[in-house]
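In case you want the letters, here they are:
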Amino acid sequence: MKHPDDENEFFNRLEADMASPSGPDSGADVVDLDKARSARSESADANPNGSGDQSADPSPNRSGRESGDPNPTRSGGESGPVMVDGPAPAGLGFMDRVKGAKRRPIVPMWLTSTAELKAATGWVAGHYGHKAGYHALRSPVYAARLALLSPRGAAKFVGSTMRWVADKEGEPVRLAAVRREDAAEYLKLSRQRDGRVRLRTLVIVLASIIGVGVALALYVLAPGWLQTVSVSALLLALGHLGRAEDAPVISRAVDLPQVQRLTSDIVARAFAALGIAEINKQAAKGKPGIEFKAPIQRDGKGWRADLDLPYGVTVSDVLDRRERLASGLRKSLGCVWPEPVPGEHPGRVMLWVGDQDMARAPQPSWPLIKTGTTSLFKPVPYGTDPRGRQVGFDLMYANFLTGAMPGRGKTFALRILLLAAAMDPTCELHTWEFKGTGDFSSFQPISHSYGSGPGDDATVEGCVEAMEYVYGELDRRARVINGLPKDICPENKVTPALAAKKSLGLHPLVMSIDECQEVFTHERWGKKAAELATAIIKRGRALGVILLLGTQRPDADSLPKAISANVGIRFCLQVMGQPENDMVLGTSMYKNGIRATSFTADDLGIGYLVGAGPNPQIVRSYYIDNANAEVICQKAKAARAAAGTLPNPDAPKKEKATDTLLADILAVIPADEAKVWNETIVERLAELRPERYGDWARMSGEEQTAHLTAALRPYGIAAGQVGRRIDGKFVNKRGIKRDDITTTVAERNRNRDAS
């Protein structure tokens, strides 16, 4: 009976013969001698006793091979190495590689951006304008120096002319002939010298006659200005001739920094100094350890190098050693920025080495300072990247979170967006800060609500009341948008056209809370504030409501997960560790190489910006100090006064439905009714106060239930299933318990009495 493996062997051999590029009729195989020697030496090492039997079976009746051996013994008793890799694939064709090639832009990036083009043009004009003004102011000094040097220049001119006439340049050759006592050569050189002297003397005589004649003609016939110009030009020329080589007459207007060109040798040396084992192994073999994927080239105000790290080495390993990398490149730490390349494998790194430290390089002024007003529906210029290019993003339809250690520029980073909101005359501002130092006091005259305090109960309560107002705005705006025709509001969100209609009240609304950890960790109001902020972040995006948060303590208690997980745009300056980094920038950012821990105390205003573009980027936010912020807010106040949107501090505050909601619910639920459906409560509320709850009653039953559930959520009151018998049938609908309302009201009253 045949063994099944015999059939397998037969088919395996057939497949091998069919796959082989050289069949039995092809003549001879091409043998790689290096591979053959290597295979022969490996075979000898594996079986030092010379036995061709590799079976581990100790039985004397064992076969010469295992039944599952993928490399059966060939005819003649010779066994070869196991073939793991198949025939080399043909690879991509030329056209496939051309189609997959990355095309570099024809037009440089600085020409495609109006802002960058203006910045480049302004820099060139300023640079050469500075040089021209510098030298123009010092031109009298230059002229005086040259005039004083003109006698020396005249002496040098006469002396060099006489040496030329006397053929002094040939004298060393003639003296050499004398020393050799070569009379024939000396006589030949003497005759040559006599001829040169006669010719040059004639030239000098003719030039002197012509020069004297021209000078007399100018003296007699030329006007005075031409004589002055001629004499001045002669003096300047003689002074230029008489200047010393080590004492330039014209001083330098601009001191250019010495910029070292980045080369592959410098980069390889720097990476070899990182102490990474895999790179060291390659360096020990005489190899660079890294592979360049593109030529090193200028990129903005620095050099860019794209390279692959050794197998198993990731960009995170390099980021952990950024300080060593800067030492290997002999650059300051703020010049060296290794980054992962989005869309590539974890071992591809983009190394950008700037000419100057990013924190010390001159930064252009904020572009909106010159415009005076703006619209939040346009991108807000926020800062510059390491290359000096402007970075901006759409603040509308987004929320913003910034976090950092104390003193790293978090407040300034948040102030930029508040100033942009202030410059939109239609924007409604609510400004709160809990450092207590009045960092945003310039916004008080243009804010509909404002508070500043070190986390005291009164300030926190005021902030929560403002958040309740904003939350109520979400409900009102949702009803307005829901009632608009589809041709006016096709996307069910606030648009510039809708925001311009004052009657709709859909203008942008921005609420800013700096040091928000003081609110979210407050013993009495923290839980409610977190719930309100979460609801505003989730729902406000399409309703024109924007929440800006800043914290210097980004942890799980200070920044609830529901908030940090839903903010769209994040800016993280220097933080201490991975938890803080991921709390601000998002989960796994630290693992993916986006590490705000790599910044130093000198990197003020520099951080990672996430969510403003397709990829995270390093950004240095614009710097606006208190004085400039005060000026901008004064202009914003004037613009709002002209537009009729300036808040009136003397106007009575609007009473919000949420202020008396719990009391109204208790008023419409009798004491003997323990549980009530939400839609029943809404109907009773509309009957009690039609001017306040009439819009609620016009909703459908499901909308009424959802709306009341959302309105009660900030108070910590949850809706549940409430069953009732109707016509003998048991019906379940969402409702609330009256005891939950009474308990919440009693607790609130106790807290107020205690304060």
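Residues numbered from 1 in each chain as written. Predicted model: local features only at pLDDT ≥ 70, side-chain atom pairs only at ≥ 80, totals over all residues. Heavy atoms only, no water.

**Looking at the pattern of salt bridges**
Here is the rule we go by: Salt bridges, as used here, are contacts in which a Lys or Arg side-chain nitrogen is within 4 Å of a carboxyl oxygen on Asp or Glu. Buried means the residue's accessible area, taken with a 1.4 Å probe over protein chains only, is under 20% of the maximum for its type, while exposed means over 50%, and partly exposed covers the values in between. Think of it this way: any DSSP run of H or I at least four residues long counts as a helix, any run of E at least two long counts as a strand, and we number them from the N terminus.
A complete count under the given rule lists 29 salt bridges for this structure. With its nearest N and O atoms 2.9 Å apart, the salt bridge here joins Asp357 to Arg360. Owing to a relative accessible area of 11%, Asp357 belongs among the buried residues under this scheme. Arg360 sits in the exposed class, given a relative accessible area of 58%. Notably, a salt bridge pairs Lys733 with Glu679, separated by 3.0 Å at the nearest N-O pair. With Lys733 in strand S18 (residues 729-737) and Glu679 in helix H23 (residues 678-688), this residue pair connects regions lying 54 residues apart in the sequence. Taking relative accessible area as the criterion, Lys733 reaches 31% and is therefore assigned partly exposed. Shared partners join several salt bridges into a network, and the residues in it are Asp167, Glu169, Arg174, Arg196 and Arg200.

**Quick look at the nonpolar core**
Heads up, the condition is: Put simply, a nonpolar core is a bunch of buried Ala, Val, Leu, Ile, Met, Phe, Trp, Tyr and Cys residues held in one set by side-chain atoms that sit within 4.5 Å of each other. Only heavy atoms enter the contact rule, under which two residues are in contact if any of them lie within 4.5 Å.
If you look at the biggest cluster of nonpolar residues, it comprises 42 residues, and the most contacted ones within it are Met467, Met511, Ile513 and Leu549. Mapped onto this core, the elements with two or more residues apiece are helix H15 (457-483), helix H16 (496-499), strand S11 (509-514), helix H17 (517-520), helix H18 (526-539) and strand S12 (545-551). At nine residues, the largest contribution of residues to this core is made by H15. Setting aside residues up to four positions removed in sequence, Ile513 forms contacts with Trp432, Phe434, Cys463, Met467, Val519, Leu547, Leu548, Leu549 and Gly550. Leu395, Ala421, Val510 and Ala629 belong to the second largest nonpolar core, which has 41 residues in total.

**Here's the deal with unusual backbone geometry**
A positive phi is found at Asn492, a non-glycine position, where the angle reads about 55°. On the accessibility criterion, Asn492 (38% relative accessible area) is partly exposed. A positive phi angle is found at Ser588, which is not glycine, with a value near 70°. Mapped onto the secondary structure, Ser588 falls in the loop between helix H20 (578-585) and strand S14 (606-610). Classification of Ser588 as partly exposed rests on a relative accessible area of 32%.

**Quick look at H23**
Turning to H23, its buried residues number three or more, namely Asn678, Glu679, Thr680, Ile681, Val682, Leu685 and Ala686. Packing partners of the buried residues in H23 comprise helix H22 (661-668), strand S16 (675-677), helix H24 (690-697), helix H25 (701-712), strand S17 (720-726) and S18.

**Quick look at the packing of H22 against H23**
Two numbers describe a pair of packed helices, the interaxial angle and the distance between the axes. The condition is simple: In this analysis, axes come from line fits to C-alpha atoms, helices being fitted only over the stretch in contact, and the angle between any two N-to-C directions falls in the range 0 to 180 degrees. Roughly parallel refers to an angle under 35 degrees, roughly antiparallel to one over 145, roughly perpendicular to one between 65 and 115, and oblique to any angle outside these ranges. Amino acid classes used here: Ala, Val, Leu, Ile, Met, Phe, Trp, Tyr, Cys and Pro are nonpolar; Asp, Glu, Lys and Arg are charged; the rest, including Gly, are polar.
Between H22 and H23, the shortest axis-to-axis distance is 9 Å and the interhelical angle comes to 100°. The pairing of H22 with H23 is recorded here as roughly perpendicular in orientation. Seen from H22, the contacting residues are Leu661, Asp664, Ile665, Ala667 and Val668; seen from H23, they are Ile681, Arg684, Leu685 and Leu688. For the contact of H22 with H23, a count of residues per class yields seven nonpolar, no polar and two charged.

**Brief notes about the confidence of the model for the protein**
Segments scoring low in pLDDT should not have their predicted coordinates read at a detailed level. Short version of the rule: pLDDT measures the predictor's confidence residue by residue and takes values from 0 up to 100.
Here the protein averages 81 in pLDDT, and 83% of its residues register 70 or above. Across residues 654-658, where pLDDT falls below 50, the model places nine contacts with residues more than four positions away in sequence or in other chains.

**With respect to the side chain of Ser621**
With respect to the element layout, Ser621 can be found in strand S15 (residues 617-621). We classify Ser621 as buried; its relative accessible area is 6%. Residues in contact with Ser621, not counting those within four places in the same chain, are Gln363, Tyr382, Gly383, Ala413, Phe571 and Gly605.

**Some details on empty space enclosed by the protein**
As a reminder of what qualifies: Space inside and on the surface of the protein is sampled on a 1 Å grid over the protein atoms alone, with a cavity defined as a set of points where a 1.4 Å probe fits but cannot get out and a pocket as an open set with protein on both sides within 12 Å along at least 5 of 7 lines; lining residues have an atom within 4 Å of a point. Grid points are joined across faces, edges and corners, and a volume is the space filled by probe spheres set on the points.
Taken as a whole and assessed by the stated rule, the structure comprises two cavities of 30 Å³ or more. What lines the largest cavity is simply Gln260, Arg261, Leu262, Ile266, Trp303, Leu329, Lys331 and Val353. For the lining of the largest cavity, the per-class residue count stands at five nonpolar, one polar and two charged.

**Structural notes on the pairing of S17**
Applicable threshold: Two strands qualify as a pair provided DSSP detects at least 2 bridges between them.
Summarising the sheet, S17 and S18 pair through seven bridges and their orientation is antiparallel. What sits directly across from Gln721, in S18, is Arg734. Here S17 folds back onto S18 in antiparallel fashion, the turn holding two residues, of which Asp727 has a positive phi close to 55°.

**Quick word on the sheet that holds S16**
Here three strands make up an open sheet; going across it, the order is S16-S18-S17 and the pairing antiparallel. Across the chains shown, the open sheet's two edge strands, defined by having one partner strand only, are S16 and S17. Taking each pair of neighbouring strands and ignoring which way they run, the sheet shows an average axis angle of 60°. The pairing of S16 with S18 spans three bridges and is classified as antiparallel. Within S18, the residue paired with Trp677 across the bridge is Gly735.

**Looking at the packing of helix H9 (residues 264-272) against helix H12 (residues 322-329)**
We apply this condition: Take the far helix as your reference; a near helix turned counterclockwise from it by less than a right angle gives a left-handed crossing, and one turned clockwise gives a right-handed crossing.
At a minimum axis distance of 8 Å, the contact between H9 and H12 shows a crossing angle of 140°. Classified by the angle their axes make, H9 and H12 are oblique. With respect to the hand of their crossing, H9 and H12 are arranged in right-handed fashion. The segment H9 lies against H12, with Ile266, Val267, Arg269, Ala270 and Phe271 engaging Leu325, Gly328 and Leu329. Within the contact of H9 with H12, the residues separate by chemical class into six nonpolar, one polar and one charged.

**Remarks on the sheet that holds S14**
Reading across from one edge, S7-S6-S15-S14-S13-S8-S12-S11-S9-S10 is the order of the 10 strands in this open sheet, with mixed pairing throughout. Across the chains shown, the open sheet's two edge strands, defined by having one partner strand only, are strand S7 (390-393) and strand S10 (447-452). Each adjacent strand pair in this sheet contributes to an overall mean axis angle of 25°, direction not counted. Across four bridges, strand S8 (residues 400-403) lies against strand S13 (residues 569-572) in parallel orientation. Each bridged residue has a counterpart across the sheet, and for Phe400 the counterpart in S13 is Ile569. Strand contacts of helix H14 (residues 410-422): strand S6 (380-384), S7, S8, strand S9 (428-433), S11, S12, S13 and S15, with the helix running at about 160° to S12, the strand carrying the most contacts.

**Overview of a nonpolar patch on the surface**
Definition in use: Patch building starts from residues that exceed 30% relative accessible area and form no salt bridge, then joins like charges within 9 Å and nonpolar side chains (Val, Leu, Ile, Met, Phe, Trp, Tyr) within 5 Å. Methods summary: accessible areas were calculated by the Shrake-Rupley approach with a probe of 1.4 Å, and residue burial reflects only the protein chains presented.
On the surface, Ile106, Val107, Leu111 and Leu117 cluster together into a nonpolar patch covering about 370 Å² of accessible area. Mapped onto the fold, Ile106 is located in the loop between helix H3 (94-99) and helix H4 (109-112). A residue is classified by how much of its surface remains accessible, and Ile106, at 83% relative accessible area, is exposed.

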